[in-house]
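# Commentary on secondary and tertiary structure
Listed below are the residues making up each chain.
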Amino acid sequence: MIVEMVNVTKDMKGHKILNGINFTIETPGVYGVVGRNGSGKSVLFKTIAGLLQPTIGNVKVFGELVGKGSFPKDFGALFDTPGFVPRYSALDNLKLLASIKGVVKEEEIREVIKVVGLEPDDRRPVRKYSLGMKQRLGIAQAIMEHPKLLVLDEPMNGLDESGVQEVRKVINEFKSEGTTVLLASHNREDIELLCDQVYLMEQGELRVFREDV
Amino acid sequence: MINLLRYHMKIFFAPFTLLIVPLVYALNALTVVSINQGVLPGDLWHAAAFPLYIPINLKFDLPRWFIILLPYMMITTLYVQNELHHRFSLTLIRSGNALLWLNSMIVVIIKLIMVTTLAGFFVNLFAGVLFGDTQSNMVQLLPVFTDSSGIRLMIGEYFMMILSISISVLLNILFILFIGHGGLATLTVIILVSVSTVTAFLIPPIIPWLPLNSGMAALKEMNNFPLAYGLISGCVALAILVAVMNLVFKYKLEQILIGNQGRGL
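The present account deals with the structure reproduced in this document. Since the structure is predicted, the reported quantities are computational estimates derived from the model, not experimental observations. (Residues numbered from 1 in each chain as written. Chains lettered and ligands numbered in written order. Predicted model: local features only at pLDDT ≥ 70, side-chain atom pairs only at ≥ 80, totals over all residues. Heavy atoms only, no water.)

## So, the interface of chain B and chain A
At the junction of the two partners, chain B supplies 26 residues and chain A supplies 36 residues. Taking both sides of the interface into account, the surface hidden between chain B and chain A amounts to around 2,600 Å²; carbon and sulfur atoms contribute 60%. In this structure, Arg94 of chain B engages Glu145 of chain A in a salt bridge whose closest nitrogen and oxygen atoms are separated by 3.0 Å. For the pair chain B and chain A, the number of links is 10 residue pairs in polar contact (both at pLDDT 80 or more). Tallying contributions element by element places helix H4 (residues 58–95) of chain B first for the side of chain B that touches chain A, with nine residues. When grouped by side-chain class, the residues that make up the side of chain B that touches chain A number 11 nonpolar, 10 polar and five charged. (Contact = heavy atoms within 4.5 Å. Buried area = accessible area lost by both parts, 1.4 Å probe. Salt bridge = Lys/Arg side-chain N within 4 Å of Asp/Glu carboxyl O. Polar contact = N/O pair within 3.5 Å; in protein donor to acceptor, adjacent residues only side chain to side chain. Helix = DSSP H or I, 4+ residues; strand = E, 2+ residues; numbered from the N terminus. Nonpolar A, V, L, I, M, F, W, Y, C, P; charged D, E, K, R; others polar.)

## Topic: the side chain of Ser233 of chain B
Topologically, Ser233 of chain B is positioned in helix H11 (residues 227–261). Among all residues touching Ser233 of chain B, those that are not within four sequence positions of it are Pro208, Trp209 and Pro211 of chain B.

## Considering the sheet that holds strand E2 (residues 15–25) of chain A
Note on sheets: strands pair through backbone hydrogen bonds, and any given pair is parallel or antiparallel. Residues and elements named next belong to chain A. Taken together, the four strands give an open sheet; going across it, the order is E2-E1-E4-E5, and neighbouring strands pair in antiparallel fashion. Every interior strand has two partners, whereas the edge strands, E2 and strand E5 (64–66), have only one. With strand direction ignored, the average angle separating the axes of adjacent strands in the sheet is 35°. Taken together, the seven bridges between strand E1 (residues 3–12) and E2 define a ladder with antiparallel strand orientation. The residue of E2 that forms the bridge with Val8 is Ile21. (Pairing = 2+ DSSP bridges. Axes fitted to C-alpha atoms, helices over the stretch in contact; angles between N-to-C directions.)

## Focus on the side chain of Arg136 of chain A
Mapped onto the fold, Arg136 of chain A is located in helix H4 (residues 131–143). Among the polar contacts listed, one links the side chain of Arg136 of chain A to the backbone oxygen of Val116 of chain A, at a separation of 3.0 Å.

## Quick word on unusual backbone geometry
Residue and element names in this part refer to chain A. Even without being glycine, Lys13 reaches a positive phi, approximately 50°. You can see Lys13 is positioned in the loop between E1 and E2. Exposure remark for Lys13: the relative accessible area of 84% places this residue in the exposed category. (Buried < 20%, exposed > 50% of the residue type's maximum accessible area, 1.4 Å probe, protein only.)

## A short note on the pattern of salt bridges
Under the definition given, this model contains 18 salt bridges over all chains. Between Lys10 of chain A and Glu254 of chain B there is a salt bridge, with the nearest N and O atoms lying 2.3 Å from each other. Here Lys10 of chain A is found in strand E1, whereas its partner Glu254 of chain B is found in helix H11 on a different chain. Given a relative accessible area of 3%, Lys10 of chain A falls into the buried group.

## Some details on the pairing of strand E3 (residues 30–34) of chain A
Residues and elements named next belong to chain A. Taken across its five residues, E3 has five buried, putting it largely inside the fold. Where burial is concerned, the two faces of E3 agree: the one with Val30, Gly32 and Val34 and the one with Tyr31 and Val33 are both buried. As defined by bridge partners, E3 adjoins strand E9 (residues 197–202) across four bridges and the pair is classed as parallel. Counted as the bridge partner of Val34 is Leu200 from E9.

## What to know about the environment of Met156 of chain A
Residue and element names in this part refer to chain A. Relative to the assigned elements, Met156 resides in the loop between strand E7 (149–153) and helix H5 (161–176). Classification of Met156 as buried rests on a relative accessible area of 11%. If sequence neighbours within four positions are ignored, Met156 has contacts with Gln135, Val164, Val167, Arg168, Ile171, Asp190 and Leu194.

The following block contains the structure:
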């Protein structure tokens, strides 16, 4: 089992953001989650990432419980537009983050930067980057450690058309390599083109919206 | 843990961080020179220790202590806020353990305080070379200058300052975790240090047990309490503070993550 959520409820400030969710992913593929702003998509993803603890129920990723300070292994994520060290270049920022796990080499990081359409030898500090460039870098950090589970929360935010095409290509490449991708997007086209299965998040509940697999 | 230590160190040990503290020590030494007829009293070591004799006069010396303290608090406040607001989820997912992240940061902060304070002491030594004056009649006014060796004064002062600066800085981070606002947290620490210093003046016997004041050499020397007292109370306070920070961090972790990254929940 790649992801297993059993009866997961998440209360925040008296509101049920997730309401008794039972959700499993057994086979690799691209799984889309759609829903209006505030429907709980980000909370769902952060709960899978172990960043938020379910009020009731439990979450397992690759068979291991997550939450309460433990996080999934072989996992990459993009939540919002991540912040980087403003005075560092793109390469230095990714090297810094990669140094925590120590599983990727500089050459691989350079390659990932190229994959998302940035230039690894660009020495400009990240503070001079546009929102779209920061978003590309955010995607690069999510994929650089070749995770088996990739969670992307609105990855197309701030991207121009070429950026969107590049990210779609990246997602398809990861899919073909057997990575499981969880994708939240407001863009109907992204969901239709990329996802094998689509779920709708509504009032804290998750239900199958479209099943192609 | 080692990887996380390296991570924090790479960001902390930046040229600005390493320069600002020695610059403030230089500013402090020059201020003291300017109010003492252009000299620092005593031989090289005593002269170097003299600008750190804080606070003899509350109105003048307490602000001088804050000038020394503020860069440490500013550097760490900016760091903690940037990390928690922008990079926390990225580092947390990779480190796999939130408390490891916190404790490695605390270790690096104390290391940074030790290194930059050492640099500040070298600035003081340099000031001692430039402005030291054995003929100054100020030497006679401070018995501790005639009774103790300058090297002993400097070494004692170094360790006591590291302890009280570390306590102030970690207290500042604890308040950031509680209040979520760096400016308010720093203001709270300034108020606490002021209260502690006034208490020290009002009730001198409890000075050895006021770790926030340990770095204020004049209080220690004038009241003649042994270095070991200050070191023990400082280390105990530091250990308690780190334990409280761990508890608060664990308790507030989810709130921190929601507060900082919770847009569009």
